[in-house]
Amino acid sequence: NEENIFEDGGQQLFKVEEQGCSRLCSHSSTSDGTSEDMVVLQLPYIIKFCKAHGVSKENEFGKGKSNDELKEMLLVADYLTIKDTLDYLAETLANRIKNKSVEYIRKFFGIENNFMPEEKEATRKEYELLRLLI
Amino acid sequence: MAGKKRRKLKLLAETETDGTKMVTEGKEERLELHDWSELPAELLELIMCHLTLEDNVHASVVCKKWHAPAISVRVVNQSPWLMYFPKFGNLYEFYDPAQRKTYSLELPELYGSRVCYTKDSWLLLYRPRTHRVFFFNPFTRDMIKLPRFELTYQIVAFSCAPTSSSCVVFTVKHISPTVVAISTCHPGATEWVTDNYQNRLPFVSSIWNKLVFCNGIFYCLSLTGWLGVFDPVKRDWGVLVVPPPKCPENFFAKNWWKGKFMVEHKGDILVIYTCCSENPIIFKLDQSKMAWEEMKTLDGLTLFASFLSSQSRADLPGIMRNSVYFSKVRFFGKRCISYSLNDSRYYPRKQCYDWGEQDPFENIWIEPPEDISAFI
């Protein structure tokens, strides 16, 4: 895969693989500057992150962002194959799950427990067994 | 809260090559707005690989779609590797019992030396010709020298990685049944410090003794099963008034006293007694009762026994739990000799190893590096 390096004002921002490159080029805002395009919406944040990357600001970057904002950035970073940003976002999101109960995680991310009753029982048992082993 | 609406952004990636327009509109090309519960598995895996085992278990039961990614990235603890010291040449082999794979390294730095002890991926080695004592990490190739000392017929151990400021090296020499000479050293010291100590109960130090560092104390198990203890900070020595573990009569065969291994796990001292083809017996020191207690189960723990030092691990892959792995690999089938407490048998069966006849310096269980990608 050929690597394409995107720059802004002479500063190297991020490397994008060929697939991501063609995707990036095909997204654009409308003539009045607005866009419903997720990629276009998230791109400025990704650029901002990349500019700050390498400085300790890295850890601050995810702080103010909601789960959904991080999720969209994650999807865009994955779609555009920007590895560094993707890794950072994944780690930030993981930190939000750490040391939390299952109920908390569900509530926090707005996820429904969709295990069927029998599955719920089976998963509960596996869960309890694993907890004993830890 | 995640909304239910999905915006599908169909993307037409047009590539003009030789005048042909290529329109790709596969699943990969569409950027969908996903609910948290339906994030692509690869992205969930990427997030979950940062979680500890406990958090991983929580994540795996959040919802159906989270289950498989959590399981696929779940990591349990890494097993120690059995490091072999060659009789000739510089090729050192490392056997991983979990993967049943062997790795090798060329380590010319260890020429002419023999291993004494290991902890936290560090080896303590001795070069008899020059009386050189040194630490070596075979994975980083770091070496830390200590002042020279004659260690020829003594056992020696250390408390923790030599990169730590609290690292202490300890060796004990027999003077008489009631007197020992204890020598200590540490990285950065210019000489070893030696003192004589008395013990009221008779105690014999020999090359067959086992050493373990636990809760700030060096424990020394003698041939007959008595425990000498040395506090390196207070610099005091004594023999615990704990009668040796009780073994059945049929245990007292040739060299039975040599088939002992001592290991510590989270503050507990464990001793493994072996004898020919008998099932091994494991004892734990109950410090409050001042007695050895026979253990019928290790509660999921895995012990790795080698002559000079032994290791313990929790959370290994299920099949390895509640077992003792010995420092012998049967190359047919590449299985390590192990004893399962669940099944009360050796694997493979019909073992009759006289640990007294094994070469003590042949191999040792060592903690592998965290990143093993360089060795694969």
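As the structure is a computational prediction, the values presented were derived from the model and not from experiment.

Asker: Honestly, helix H5 (residues 83-97) of chain A in this entry has me stumped. Any pointers?
Answerer: Residues and elements named next belong to chain A. Taking 1.5 Å of rise per residue, 15 residues should cover 21 Å, and H5 covers 21 Å from first to last C-alpha, within 8% of that figure. Turning to H5, its buried residues number three or more, namely Thr85, Leu86, Tyr88, Leu89, Ala90, Thr92, Leu93, Ala94, Arg96 and Ile97. Looking one or two residues beyond H5, the residue adopting positive phi is asparagine 99, at roughly 55 degrees.

Asker: Even after reading the chapter, I still don't get the sheet that holds strand S11 (residues 169-176) of chain B, so can you show me in this structure?
Answerer: Two strands in a sheet stick together by hydrogen bonds in their backbones, pointing the same way (parallel) or opposite ways (antiparallel). Residue and element names in this part refer to chain B. Pairing within the open sheet is antiparallel, and its 4 strands lie in the order S10-S11-S12-S13. Both edges of this open sheet fall to strand S10 (155-158) and strand S13 (193-198), since each of them pairs with a single strand only. Averaged over all pairs of adjacent strands, the angle between strand axes in this sheet comes to 25 degrees, irrespective of strand direction. Bridging between S10 and S11 involves 4 bridges; their strand directions are antiparallel. Residue pairing across strands places valine 156 opposite threonine 171, the latter belonging to S11.

Asker: Whenever I open this one, the nonpolar core confuses me. Can you help?
Answerer: In a soluble, globular protein the nonpolar side chains are often hidden away together inside. Counting residues in hydrophobic clusters, the biggest one holds 37 residues, and the most contacted among them are A:Leu74, A:Phe109, B:Leu39, B:Ile47, B:Met48 and B:Trp66. Only helix H2 (38-52), helix H4 (67-79), H5 and helix H6 (102-109) of chain A together with helix H1 (41-48) and helix H3 (64-73) of chain B provide two or more residues apiece to this core.

Asker: Help me out: how do you make sense of empty space enclosed by the protein in this one?
Answerer: If a probe as big as a water molecule is rolled over the atoms, it shows which places are left empty. All names here are of chain B. The full count for this structure, using the stated rule, is 5 cavities of 30 Å³ or more. Lining the largest cavity are Phe261, Phe307, Ser327, Lys328, Trp355, Gln358, Asp359, Pro360, Glu362 and Asn363. In terms of residue class, the lining of the largest cavity is built from 4 nonpolar, 3 polar and 3 charged. Here the second largest cavity is characterised by a volume of approximately 60 Å³. Forming the walls of the second largest cavity are Cys116, Tyr117, Ile155, Val156, Ile207, Asn209, Lys210, Leu211, Phe307 and Leu308. For the lining of the second largest cavity, the secondary-structure elements that each account for two or more residues are strand S6 (114-119), S10 and strand S14 (210-214).

Asker: It is not clear to me how the packing of aromatic side chains should be interpreted in this structure. Could you clarify?
Answerer: By convention here, two paired aromatic rings are described through the distance between centres and the angle between planes. In total, this model carries 24 aromatic pairs over all chains according to the counting rule given. On the numbers, 5.3 Å between centres and 25 degrees between planes, the contact of A:Tyr104 with A:Phe108 is stacked. Of the two residues, A:Tyr104 and A:Phe108 both sit in helix H6, 4 residues apart, roughly one turn of that helix. When the centroid spacing of 5.9 Å and the interplanar angle of 85 degrees are considered together, the rings of B:Trp81 and B:Phe139 count as edge-to-face. Here the residue B:Trp81 occupies a position in strand S3 (residues 81-84), and B:Phe139 occupies one in the loop between strand S8 (132-137) and strand S9 (142-146), the gap between them amounting to 58 residues. Each member of the pair B:Trp81 and B:Phe139 is classed as buried. Positioned over the ring face of B:Phe307 is B:Lys210, at 3.5 Å from the centre of the ring. The positively charged end of B:Arg345 is found above the aromatic ring belonging to B:Tyr347, 3.9 Å away from the centroid.

Rules used in this analysis
- Residues numbered from 1 in each chain as written.
- Chains lettered and ligands numbered in written order.
- Predicted model: local features only at pLDDT ≥ 70, side-chain atom pairs only at ≥ 80, totals over all residues.
- Heavy atoms only, no water.
- Helix = DSSP H or I, 4+ residues; strand = E, 2+ residues; numbered from the N terminus.
- Expected span 1.5 Å × (residues − 1).
- Buried < 20%, exposed > 50% of the residue type's maximum accessible area, 1.4 Å probe, protein only.
- Pairing = 2+ DSSP bridges.
- Axes fitted to C-alpha atoms, helices over the stretch in contact; angles between N-to-C directions.
- Core = buried A, V, L, I, M, F, W, Y, C linked by side-chain atoms within 4.5 Å.
- 1 Å grid on protein atoms, 1.4 Å probe; cavity = no way out; pocket = protein on both sides within 12 Å on 5 of 7 lines; lining within 4 Å.
- Points joined across faces, edges and corners; volume = space filled by probe spheres on them.
- Nonpolar A, V, L, I, M, F, W, Y, C, P; charged D, E, K, R; others polar.
- Phe/Tyr/Trp six-rings, centres within 6.5 Å; stacked < 30°, edge-to-face > 60°.
- Lys NZ or Arg CZ within 6 Å of the ring centre and 35° of its normal.

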